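Read off the chains here:
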Amino acid sequence: MKKYNISTKIIHVGNEPDLINGSIIPAIYQTSTYVQNEPGKHKGYEYTRSHNPTRTRLENCLASTENADYCIVTSSGMSSISLILETLPNGSKLLCGNDVYGGTYRLFNSVYNKKIKIKHIDTSNLKEFTRCYKEYKPDMVWLESLSNPTLKISDVNSISKLTKKDKKILVVDNTFMSPCFFTPISLGADIVIHSLTKYINGHSDIVGGAIMLNNKKIYDKLWYLQNSIGPTQSPFDSWLVLRGIKTLSIRMEQHQKNAHEIADFLERNSKILKVIYPGLNSHPQFELAKKQFCGFSGMIGVYINGGMKETKLFLKSLKLFALAESLGGVESLIEHPAIMTHASIPIDDRQKIGITDNFVRLSVGIEYLPDLLNDINEALSKI
Ligand SMILES: *Cc1c(COP(=O)(O)O)cnc(C)c1O
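Residues numbered from 1 in each chain as written. Predicted model: local features only at pLDDT ≥ 70, side-chain atom pairs only at ≥ 80, totals over all residues. Heavy atoms only, no water.

Engineer: Sorry, what's going on with empty space enclosed by the protein here?
Structural biologist: Using a probe with the size of a water molecule, rolled over the atoms, empty space left in the structure can be pinpointed. Counted under the stated rule, the structure contains one cavity of 30 Å³ or more. The calculated volume of the largest cavity comes to roughly 70 Å³. Lining the largest cavity are Gly97, Asn98, Asp99, Val100, Asp122, Thr123, Ser124, Leu143, Glu144, Ser147, Lys152 and Ser154. For the lining of the largest cavity, the residue count by class is two nonpolar, six polar and four charged. (1 Å grid on protein atoms, 1.4 Å probe; cavity = no way out; pocket = protein on both sides within 12 Å on 5 of 7 lines; lining within 4 Å. Points joined across faces, edges and corners; volume = space filled by probe spheres on them. Nonpolar A, V, L, I, M, F, W, Y, C, P; charged D, E, K, R; others polar.)

Engineer: Which parts of the structure should I look at to understand the environment of Phe182?
Structural biologist: Inspection of the secondary structure assignment puts Phe182 in the loop between α7 (178-181) and β6 (191-195). The buried category is assigned to Phe182, whose relative accessible area is 3%. Counting along the chain gives 111 residues from Phe182 to Phe293, while the straight-line C-alpha distance between them is 5.2 Å. (Helix = DSSP H or I, 4+ residues; strand = E, 2+ residues; numbered from the N terminus. Buried < 20%, exposed > 50% of the residue type's maximum accessible area, 1.4 Å probe, protein only.)

Engineer: I keep staring at the sheet that holds strand β2 (residues 93-97) and nothing clicks. Help me out?
Structural biologist: Hydrogen bonds along the backbone pair up the strands of a sheet, which may run parallel or antiparallel. Here we have seven strands laid out as an open sheet, ordered β1-β7-β6-β5-β4-β2-β3, and mixed in their pairing. Since the sheet does not close on itself, it has two edges, and those belong to β1 (70-74) and β3 (117-121), each with one partner. Between one strand and the next, the sheet's axes are offset by a mean angle of 20 degrees, whatever the strand orientation. Here five bridges tie strand β4 (residues 140-144) to strand β5 (residues 169-173), and the two strands are oriented parallel to one another. In the sheet register, Glu144 faces β5, and the bridge partner there is Asp173. Where helix α6 (residues 156-165) meets the sheet, it contacts β4 and β5, and its direction lies at approximately 155 degrees from that of β5. (Pairing = 2+ DSSP bridges. Axes fitted to C-alpha atoms, helices over the stretch in contact; angles between N-to-C directions. Contact = heavy atoms within 4.5 Å.)

Engineer: How should the packing of aromatic side chains be read in this particular structure?
Structural biologist: Any pair of aromatic rings gets described here by the distance separating the centres and the angle formed by the planes. By the definition in use, this model includes nine aromatic pairs. Centroid distance Phe182 to Phe293: 5.0 Å. Interplanar angle 75 degrees. Geometry classified as edge-to-face. With Phe182 in the loop between α7 and β6 and Phe293 in the loop between α11 (286-292) and β9 (299-304), the pair connects residues that are 111 residues apart, well separated along the chain. Take Phe182 and Phe293: they sit in the same class, and that class is buried. Where Tyr277 meets Phe296, the ring centres are 6.4 Å apart and the plane angle is 70 degrees; that geometry is what we call edge-to-face. Taken as a pair, Tyr277 in the loop between β8 (272-276) and α11 and Phe296 in the loop between α11 and β9 lie far apart in primary sequence, 19 residues in all. Both residues of the pair, Tyr277 and Phe296, belong to the buried class. Taken together, the ring pairs in this structure connect Tyr277, Phe286 and Phe296 into an aromatic cluster. In this arrangement the basic side chain of Lys119 is found over the ring face of Tyr136, its NZ or CZ atom lying 5.9 Å from the centre. Here the basic side chain of Lys198 rests over the ring of Tyr101, its NZ or CZ set 5.0 Å away from the ring centre. (Phe/Tyr/Trp six-rings, centres within 6.5 Å; stacked < 30°, edge-to-face > 60°. Lys NZ or Arg CZ within 6 Å of the ring centre and 35° of its normal.)

Engineer: Looking at this model, I keep getting lost on the side chain of Gln292. Mind explaining?
Structural biologist: Relative to the elements of secondary structure, Gln292 occurs in helix α11. Within the structure, Gln292 has its side chain in polar contact with the backbone nitrogen of Val156 (distance 3.1 Å). In contact with Gln292, other than residues within four places in its own chain, are Ile153, Ser154, Asp155, Val156, Asn157, Phe181, Phe182 and Leu187. (Polar contact = N/O pair within 3.5 Å; in protein donor to acceptor, adjacent residues only side chain to side chain.)

Engineer: Sorry, what's going on with the side chain of Thr123 here?
Structural biologist: With respect to the secondary-structure elements, Thr123 resides in the loop between β3 and α5 (126-136). Here Thr123 falls in the buried class, since its relative accessible area comes to 7%. Residues contacting Thr123, with those up to four places away along its chain left out, are Cys96, Gly97, Phe129, Leu143, Ser154 and Ile159.

Engineer: Looking at this model, I keep getting lost on the environment of Pro53. Mind explaining?
Structural biologist: Mapping Pro53 onto the fold places it in helix α2 (residues 53-65). A residue is classified by how much of its surface remains accessible, and Pro53, at 15% relative accessible area, is buried. As a C-alpha pair, Pro53 and Ser76 span 23 residues in sequence and 19 Å in three-dimensional space. Among residues more than four places away in sequence, those in contact with Pro53 are Tyr29, Tyr34 and Tyr45.

Engineer: What am I meant to see in the domain arrangement of the protein here?
Structural biologist: By convention, interface size is frequently given as the accessible area that disappears when the constituent parts associate. Along its sequence, the protein is organised into domain 1 (6-245) and domain 2 (248-380). For domain 1 and domain 2, the distance between their C-alpha centroids amounts to 26 Å. Between domain 1 and domain 2, the residue contacts involve 41 residues of the former and 41 residues of the latter. In total, about 3300 Å² of surface goes out of reach between domain 1 and domain 2, with carbon and sulfur atoms giving 64% of it. Sorting the residues of domain 1 by area buried against domain 2 places Ile153, Phe181 and Tyr199 first, and these three jointly supply 26% of that buried surface. Taken together, the links from domain 1 to domain 2 amount to zero salt bridges. Here the residues of the side of domain 1 that touches domain 2 sort into 20 nonpolar, 16 polar and five charged. (Domains from an automatic or database assignment. Buried area = accessible area lost by both parts, 1.4 Å probe. Salt bridge = Lys/Arg side-chain N within 4 Å of Asp/Glu carboxyl O.)

Engineer: It is not clear to me how the nonpolar core should be interpreted in this structure. Could you clarify?
Structural biologist: Note that soluble globular proteins tend to have their nonpolar side chains buried in a common cluster. Of all hydrophobic cores here, the largest spans 80 residues; its most connected members are Leu62, Leu196, Ile262, Ile300, Phe314, Leu362 and Ile376. In terms of residues, this core owes the most to one element, helix α10 (residues 248-267), which gives six residues. Domain assignment of the residues forming this core places at least three in each of domain 1 (6-245) and domain 2 (248-380). If near-sequence neighbours (up to four positions away) are discounted, Leu362 is found in contact with Ile262, Gly298, Met299, Ile300, Val302, Phe321, Leu333, Ile334 and Ile376. Formed by 27 residues, the second largest nonpolar core is a distinct cluster that contains Ile72, Leu88, Tyr112 and Ile169. (Core = buried A, V, L, I, M, F, W, Y, C linked by side-chain atoms within 4.5 Å.)

This is the structure:
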């Protein structure tokens, strides 16, 4: 299946018709255990925490989207991240972007901080990254393909040259780009993770995570840890992701089309101080974005011309954009990172990276664009 385009793979890999009865859509194997012919003799499935046929189908599909040999599907994006940290020996050093997802920041700094040493830097500044990498000598480097929420971009190819030379592990959280627009393994990343909750499932009705990689030794370790600790995804949720992912390519096209137009519109509006969108040439890494990605995704960062009062008024006045955490669903969402997704980051650190009271993050959905533009325009006219 490697020869097929991703738009074909998301429909066919893992979604092959049932061999026994020909059903075009795979069954949901809603079972906890499997019958054995004699002790230890089974058909590859013993217990659903270890393996489940519906989850196996999803893992095959997801591995193919990132051109990876292996995939592990977990109960959430956070449990995927935890399993990766569990593979590290005590005292390991992690070098991480300074504006990663709030939950990632919390996990690193208040759950794993006793086991692992963590340093946060601006990984989008390659010079600064290289200097810090050589001085700190990390065992693992952690990047987000598009950082959250300030949408910075790190040069994965250049960073992977450094980590490869030292045989260190480079992890890329590719949640914001989706494998349609970016496949970090092809640029030298060792491990890719996704929150399936976001674009990949795309319908805001499940929580899930996935780890994709080529290294068999790390895969075996991760599988052993997952089976031992237990954060697996339910068969029904795996089935929903297998269903949702089929439209990933056309959804991503529409997300980016809408987002690009909205970013353009906002940039020309006097009620807006600044817009961050990787597809605008005002984005500090616009050249890298064009080189590294094949699309710009549907996330926009916006600074309202005003303070907390005006920002809250804007959020309250929107009718189509729902005020909610999360992203990547077909419906448009908006959120206030300082109060919502990134509240767990200390205020000083937060302000340093630009998460201020007048900053909002949009996850642009796939609705009819003029309706979204009208909604934004009307809400802005209130302030
Ligand atoms: C949401 C998110 C996660 C966490 O995933 P969950 O499915 O919510 O556990 C991790 N990384 C990024 C970039 C995210 O947006």
